[in-house]
Amino acid sequence: MKVLVIGSGGREHALVWKLAQSDLCEKVYVAPGNAGTADEPKAENVELDVEDIDGLLDFAKNNDIDLTIVGPEAPLVLGLVDLFEKNNLLCLGPKRLAAQMEGSKIFMKDVLKKGNIPTATYEVFSDAERAREFLKKCDIPIVLKANGLAGGKGVIVAFSREEALEGLNSLMVEQKLGSAGDNLVIEEFLKGEEASFIVLCDGENVLPLASSQDHKQRDDNDMGPNTGGMGAYSPTPLITEELNEEIMREIILPTLDELKRRGIDYKGFLYAGLMINEQKIKVLEYNCRFGDPETQPILMRMKSDFLDLCLKAAEQELKGEQIEWDDRFALGVVMASKGYPEKYEIGFPISGINEENEAIKIFHCGTKKEADKILSNGGRVLCVTGLGSDLNSAFEKVYEAISKISWNGAFYRKDIGKRNQ
Ligand code: AMP
Ligand code: GLY
């Protein structure tokens, strides 16, 4: 089979690496990919932007692509899957309306409310003055969320009234995120520990993937600004087998039922961001895709044929399928460019990235190849991922590999996986 993977991050490198291991796989094209995907066996990068959905369609048609797998949310929200399916091309991902689970916080919260799915209480605002009046009286902390896609920058957790009012100003009045901030969800602050729960859906059937936990803040001890994710591990001891069943029963299945009631058959990866504390589990957010960096440790543990699973999901044939997992723990640590998630420089040569083995894989995020050098080319640059018999052993192996890697301005968190210890 010929496969097309859309995207260029660490998630896509992991997808390509795992797909290429399948005997079913003849070739994986990656649009646009990175230096890591370019070097994988069977893989080839294609210079097309993830949002150029017409260009991607032409490429898929002209190259006899059998299956397209979409990594990031933007092309899904733009309707890439609708376009490909209209042209009789097999594609794994939700259609435009289903991708609203990530593309519109208002849509997502309404699905949760109508489906009786536990989540933070909230109100919707389209008028800055009304929102200001609300914020003057509400409980603090409070959470402001831009309705539209904002590349991870649309959520403000305000710990003081001043911060809340400033946040409102920047989102709704100054429109720092453009039209994404035209409407706001303002919601109750939830306490607890976050976990990621990702499932694979075929429009009818659903398979839970292994549990995982991300570290969203930039600095050690969960300090500093929110990022796309600085490291993740799988499984998380937070999600026991009983909790796994509860999440499927109380959250995932009712969400898919509520979508079905609205005429939406969800196909592709669905990612629930959960807040868990002793008493209860609540949904913080839904994403319409696989997580980044969660994909890296999760796929490192997958023993099943990933391409076969993706194909079955795209063809609505997941019924009865099971996924086999490596019993070991996997941990991925993101190495980033100084200044990330704000301003950072790129173009520095990276050294020490060739030491991989059965238990260590260095996934590339923002990298590019020039002559025979690998250069940094983004905020998140690498995700060093390792397997160990327990979290500590995975931790030791990953940080040992990291100690050999360097470039000008590289930084990383030193405490990935240490939250529960
Ligand atoms: P989101 O993009 O909705 O996942 O939000 C980004 C991050 O903001 C989450 O991973 C949480 O750390 C935090 N967050 C979002 N909503 C809430 C909430 N209601 N209470 C506390 N923290 C939240
Ligand atoms: N790791 C967070 C995300 O993929 O949104």
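Below is a short write-up of the structure. (Residues numbered from 1 in each chain as written. Chains lettered and ligands numbered in written order. Predicted model: local features only at pLDDT ≥ 70, side-chain atom pairs only at ≥ 80, totals over all residues. Heavy atoms only, no water.)

Here we come to the overall build of the protein. Across its full length, the protein carries 13 helices and 23 strands. By the compact-globule yardstick of 22 Å for 421 residues, the protein fits well, its C-alpha radius of gyration being 21 Å. Considering only C-alpha atoms, the protein reaches an extent of 60 × 45 × 45 Å along its principal axes. Out of the 421 residues in the protein, the part that is buried amounts to 58%. A separation of at least 24 residues holds for 68% of the contacts in the protein among residues at least 6 apart in sequence. Within the protein, one finds 50 positive and 70 negative side-chain charges whose respective centroids are separated by 3 Å. (Helix = DSSP H or I, 4+ residues; strand = E, 2+ residues; numbered from the N terminus. Rg over C-alpha atoms; globule rule 2.2 N^0.38 Å. Buried < 20%, exposed > 50% of the residue type's maximum accessible area, 1.4 Å probe, protein only. Contact = heavy atoms within 4.5 Å. Lys, Arg positive; Asp, Glu negative; His and termini not counted. Charge placed at Lys NZ, Arg CZ, Asp CG, Glu CD.)

The next subject is the sheet that holds strand 9 (residues 184-188). Within a beta sheet, neighbouring strands are joined by backbone hydrogen bonds and run either parallel or antiparallel to one another. Spatially, the 4 strands line up as an open sheet ordered 6-9-7-8, and their pairing is antiparallel. Strand pairing shows two members of the sheet lacking a second neighbour, strand 6 (122-125) and strand 8 (155-158), which therefore form its edges. The sheet shows a mean angle of 20 degrees between the axes of neighbouring strands, taken without regard to direction. (Pairing = 2+ DSSP bridges. Axes fitted to C-alpha atoms, helices over the stretch in contact; angles between N-to-C directions.)

Looking now at the environment of serine 389. In this structure, serine 389 sits in the loop between strand 22 (380-388) and helix 13 (391-402). Considered as a pair, serine 389 and alanine 330 are 59 residues apart in the sequence and their alpha carbons are 8.9 Å apart.

Around ligand 2 sit Asp214, Lys216, Gly228, Tyr271, Asn287, Arg289, Gly291, Asp292, Pro293 and Glu294, and those are all the residues in its vicinity. Here a nitrogen atom of ligand 2 and a backbone polar atom of glycine 228 are 3.3 Å apart. Isolated, ligand 2 exposes 200 Å² of accessible area, and the fraction of that covered by the protein chains is 90%. (Near = heavy atom within 4 Å. Polar contact = N/O pair within 3.5 Å; in protein donor to acceptor, adjacent residues only side chain to side chain. Areas by Shrake-Rupley, 256 points an atom, 1.4 Å probe, with all protein chains shown as cover.)

Not every one of the 15 residues close to ligand 1 is listed here, only the nearest: Glu187, Glu188, Leu190, Glu194 and Glu285. At 2.4 Å, a side-chain N or O of glutamate 194 approaches an oxygen atom of ligand 1. Side-chain polar atom of glutamate 285 to an oxygen atom of ligand 1: 2.8 Å apart, as the coordinates give it. Protein burial of ligand 1: of its 470 Å² of free accessible surface, 89% is covered by the chains. Every element with two or more residues in the shell around ligand 1 is listed here: strand 7 (142-146), strand 8, strand 9 and strand 17 (281-287). Within the shell around ligand 1, the residues separate by chemical class into 7 nonpolar, 1 polar and 7 charged. (Nonpolar A, V, L, I, M, F, W, Y, C, P; charged D, E, K, R; others polar.)

Another point: the sheet that holds strand 1 (residues 2-7). Read from one edge to the other, the open sheet built from 5 strands follows the order 3-2-1-4-5, with strand pairing classed as parallel. For this open sheet the edge positions go to strand 3 (43-45) and strand 5 (91-92), each flanked by a neighbour on one side alone. Pairing analysis gives 3 bridges linking strand 2 (residues 27-32) to strand 3, with the strands arranged parallel. The residue bridging valine 30 from the neighbouring strand is asparagine 45, located in strand 3. Contacts from helix 1 (residues 10-20) reach strand 1, strand 2, strand 3 and strand 4 (67-70) within the one sheet, and its direction differs from that of strand 1 by about 170 degrees. Contacting strand 1 and strand 2, helix 3 (residues 53-62) crosses the sheet at an angle of about 165 degrees to strand 1.

A separate point is the nonpolar core. Core analysis: the biggest nonpolar cluster contains 52 residues, and Leu80, Phe197, Ile247, Ile251, Ile252, Leu274 and Tyr286 have the highest contact counts within it. Here this core takes 7 residues from helix 10 (residues 241-261), the largest share from any one element. What isoleucine 247 contacts, discounting residues up to four positions off in sequence, is Phe197, Ile239, Ile252, Leu274 and Ile281. Within the second largest apolar cluster, 43 residues are counted, among which are Ala14, Phe290, Cys383 and Leu387. (Core = buried A, V, L, I, M, F, W, Y, C linked by side-chain atoms within 4.5 Å.)

This model, assessed by the stated rule, comprises 9 aromatic pairs. For the pair tryptophan 17 and phenylalanine 363, a centre-to-centre distance of 5.3 Å together with 80 degrees between the ring planes defines the contact as edge-to-face. Placement of the pair is tryptophan 17 in helix 1 and phenylalanine 363 in strand 19 (residues 360-364), with a sequence separation of 346 residues. Each member of the pair, tryptophan 17 as well as phenylalanine 363, is classed as buried. Of the aromatic side chains, those joined through ring pairs into one cluster are Phe269, Phe290 and Phe306. Lysine 418 extends its terminal NZ or CZ atom over the ring of phenylalanine 395, reaching a point 4.2 Å from the ring centre. (Phe/Tyr/Trp six-rings, centres within 6.5 Å; stacked < 30°, edge-to-face > 60°. Lys NZ or Arg CZ within 6 Å of the ring centre and 35° of its normal.)

Within this model, the second largest pocket holds a volume of roughly 370 Å³. Sorting the residues of the lining of the second largest pocket by element identifies strand 11 (206-208) and helix 10 as the ones contributing at least two each. Grouping the constituent residues of the lining of the second largest pocket by class yields 8 nonpolar, 4 polar and 2 charged. (1 Å grid on protein atoms, 1.4 Å probe; cavity = no way out; pocket = protein on both sides within 12 Å on 5 of 7 lines; lining within 4 Å. Points joined across faces, edges and corners; volume = space filled by probe spheres on them.)

One can describe the packing of helix 7 (residues 105-114) onto helix 10 by two numbers: an axis separation of 9 Å at closest approach and a directional angle of 105 degrees. Between helix 7 and helix 10, the interaxial angle falls into the category roughly perpendicular. Residues Phe107, Val111, Leu112 and Lys114 of helix 7 pack against Thr255, Glu258, Leu259 and Arg261 of helix 10. The residue inventory of the contact of helix 7 with helix 10, partitioned by class, reads 4 nonpolar, 1 polar and 3 charged. (Parallel < 35°, antiparallel > 145°, perpendicular 65-115°, else oblique.)

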